[in-house]
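Below are the chains, spelled out letter by letter.
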Amino acid sequence: MAFFPKILLRTEIESYLHNVYTNKELVTAIGTSEAERQFENLLTHLVHPPSFTTVRVNTLLTSVEKAKSLLNEEIQKQFPSLSNIPIFQHSILHDLLLIPVIGPRRALKPHPIQVIVGAQCGNAVLRGAHVYSAGIVSASKWMKAGDDVSVYSDIEGKCRRGSKDFLESKVFVGNGISELSRKEIFCSSDPVKGKGIKMTEPVYLSPSFDNVLSEYIFLQNLPSAVVSHVLNPQPGERILDMCAAPGGKTTHIATLMKDQGEVIAMDKIASKVEKIKYNASLLKLKCIKAFCYNSTKAVLDRNSLTNQGDGPPFLSESFDRILLDAPCSGMGQRPNMVCPFTLKELTSYQPLQRKLISAAVDLLRPGGTLVYSTCTITLLENEEQVFWALETFPCLELQPQEPHLGGTGMKGAGLSTDQLKLLQRFDPSQAELRDVDVNNLSSIENEMISLGNKDTIGFFIARFLKKKEPGSF
């Protein structure tokens, strides 16, 4: 199955992750050989996309069946030669549609004209994106608009911008048609924007969602959709999404509340806040209020007489439920062919996450729910943070999660077996990688649906209750 190499990591990062996946507590439970096998699986599986592309339906504007029908029509437009790509409705997350990712398609033949893209652009192509001009690093000397080209990802970052030939390590991600000439990309006085390569034969076949049914569907990884259901927001409540950009979970929360109540969304980067507002407007959601603010400072100083209108900072115990989808190292993202982090960078998120957890506990009313999530697979940012939170805040109590589609928490952070069962970890090392051909989908449909809950990005979810003071109501 090694169609792509395993993820490219610095030696110190690979050693660090190896220690995580072979920690003493885990090895005692499952044995050294199994721990080593899971670690090798992780390195290999991270470079492959999940087995499904998942989209969330805006059920306030359309039905799931209608969205499914429209989406099927769109797929037929994009891939007119394919008539049998099914769309599945998730059996538990009824607002989620799953589209099988076809591939890897090993029989594709490269073209003589080559285009080199950066590693992040290459990752996006593997999930169905076209190539935009900003992602192109190099192109063959005589490339013209309309040429058949092959696209390669420069995973080591060695290609010089504008070079005409690149002979070092690169990974083939598919074929396409150039919409710009080499001259337009590299010789224009102003940077050319827009699509550079229309992908026609990607190694992994997945629909493009650029401006596709924008009011009705939202592209969202399965675990990210699980989070909002675990939070379980109710109509009329006041909800805080602390690190909300670009607004996928924010808009999902508002939809589950039937757009009744108040959802406060915060991010400290202004351009990202505008993205939240844009997505809320696009999905016709009225209960979302987005603010540019540092969530670590969102608690109103007790010496202050008043807050500033309806925005941050907020009084303590102001919210019924809080989602903290924390900034993290992102080591669960897939596909990811290269991680450029140093060890210092990888391990730098824990202090910020703890500041955010502290603010969340202060802002949550007694009896309220706090959901903490990340898209990474380290103990440091996940189970260790849960252990710290329970030790630091006696008012917090771990709660069961519904739905619980992922695995349990990973051993190694000092949590009990019962506590680990309450956590939800989507771990790429547990996925089963398999080639999917468009011709065998019908025969493996039941397997594919089961696979959809396991073969996902790496993700972690913890759900806390803030206990009421004795004697309070």
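- The name given to the protein in an unreviewed UniProt entry is SAM-dependent MTase RsmB/NOP-type domain-containing protein, with the source organism recorded as Hymenochirus boettgeri.

### Structural notes on the overall build of the protein
Right, on to step 1. Regarding its fold elements, the protein presents 14 helices and 18 strands.
Right, on to step 2. In terms of its C-alpha atoms, the protein occupies a principal-axis envelope of roughly 75 × 50 × 50 Å.
Right, on to step 3. Partitioning the intrachain contacts of the protein with sequence separation of at least 6 by distance along the chain shows that 78% fall at a separation of at least 24.
Right, on to step 4. Carbon and sulfur atoms make up 51% of the accessible area of the protein, which amounts to about 20,600 Å² in all.
Right, on to step 5. Taken together, the 51 basic and 50 acidic charged side chains of the protein have centroids lying 4 Å from each other.

### Remarks on unusual backbone geometry
Right, on to step 1. That bond from Ala-245 to Pro-246 is cis: its omega, 5°, falls within 30 degrees of zero.
Right, on to step 2. Within the element layout of this structure, Pro-246 appears in the loop between β11 (238–241) and α8 (248–256).
Right, on to step 3. Backbone torsion omega between Arg-334 and Pro-335 reads -10°, so that peptide bond is classified as cis.
Right, on to step 4. With respect to the helices and strands, Pro-335 occurs in the loop between β14 (319–325) and α10 (343–346).
Right, on to step 5. Non-glycine residue Leu-213 carries a positive phi angle of around 50°.
Right, on to step 6. As for its placement among the helices and strands, Leu-213 is situated in the loop between β9 (195–202) and β10 (217–219).
Right, on to step 7. In this structure, Lys-258 takes a positive phi of about 60° despite not being glycine.
Right, on to step 8. With respect to the element layout, Lys-258 can be found in the loop between α8 and β12 (262–267).

### Quick word on the UniProt feature "active site" (unreviewed entry) in the protein
Right, on to step 1. According to UniProt, the positions carrying the feature "active site" (unreviewed entry) are Cys-375.
Right, on to step 2. Mapped onto the elements of the fold, Cys-375 is located in the loop between β15 (364–374) and α12 (383–392).

### Remarks on the sheet that holds strand β7 (residues 148–154)
Strand pairing in a sheet takes place through backbone hydrogen bonds and is either antiparallel or parallel in direction.
Right, on to step 1. Here we have six strands laid out as an open sheet, ordered β5-β9-β8-β7-β4-β6, and mixed in their pairing. Each edge of the open sheet is held by one strand with a lone partner, namely β5 (131–132) and β6 (136–139).
Right, on to step 2. The pairing of β7 with strand β8 (residues 171–178) spans six bridges and is antiparallel. From the neighbouring strand, Asp-148 faces β8, where its bridge partner is Ile-177.

### Section: the packing of helix α11 (residues 350–363) against α12
Right, on to step 1. Direction vectors running N to C along α11 and α12 enclose 40°, while the axes themselves pass 11 Å from each other. By the criterion of interaxial angle, the relationship of α11 to α12 is oblique. Considering how the two elements wind past one another, α11 and α12 form a crossing that is right-handed. The residues of α12 that touch α11, namely those facing Gln-350, Gln-353, Arg-354, Ile-357 and Ser-358, are Glu-384, Gln-385, Trp-388 and Ala-389.
Right, on to step 2. Across the contact of α11 with α12, the residue classes tally to three nonpolar, four polar and two charged.

Cut-offs applied
- Residues numbered from 1 in each chain as written.
- Predicted model: local features only at pLDDT ≥ 70, side-chain atom pairs only at ≥ 80, totals over all residues.
- Heavy atoms only, no water.
- Helix = DSSP H or I, 4+ residues; strand = E, 2+ residues; numbered from the N terminus.
- Contact = heavy atoms within 4.5 Å.
- Areas by Shrake-Rupley, 256 points an atom, 1.4 Å probe, with all protein chains shown as cover.
- Lys, Arg positive; Asp, Glu negative; His and termini not counted.
- Charge placed at Lys NZ, Arg CZ, Asp CG, Glu CD.
- UniProt positions renumbered as here; feature names shortened; annotations may be inferred.
- Pairing = 2+ DSSP bridges.
- Axes fitted to C-alpha atoms, helices over the stretch in contact; angles between N-to-C directions.
- Parallel < 35°, antiparallel > 145°, perpendicular 65-115°, else oblique.
- Left-handed = near helix turned anticlockwise from the far one by under 90°.
- Nonpolar A, V, L, I, M, F, W, Y, C, P; charged D, E, K, R; others polar.

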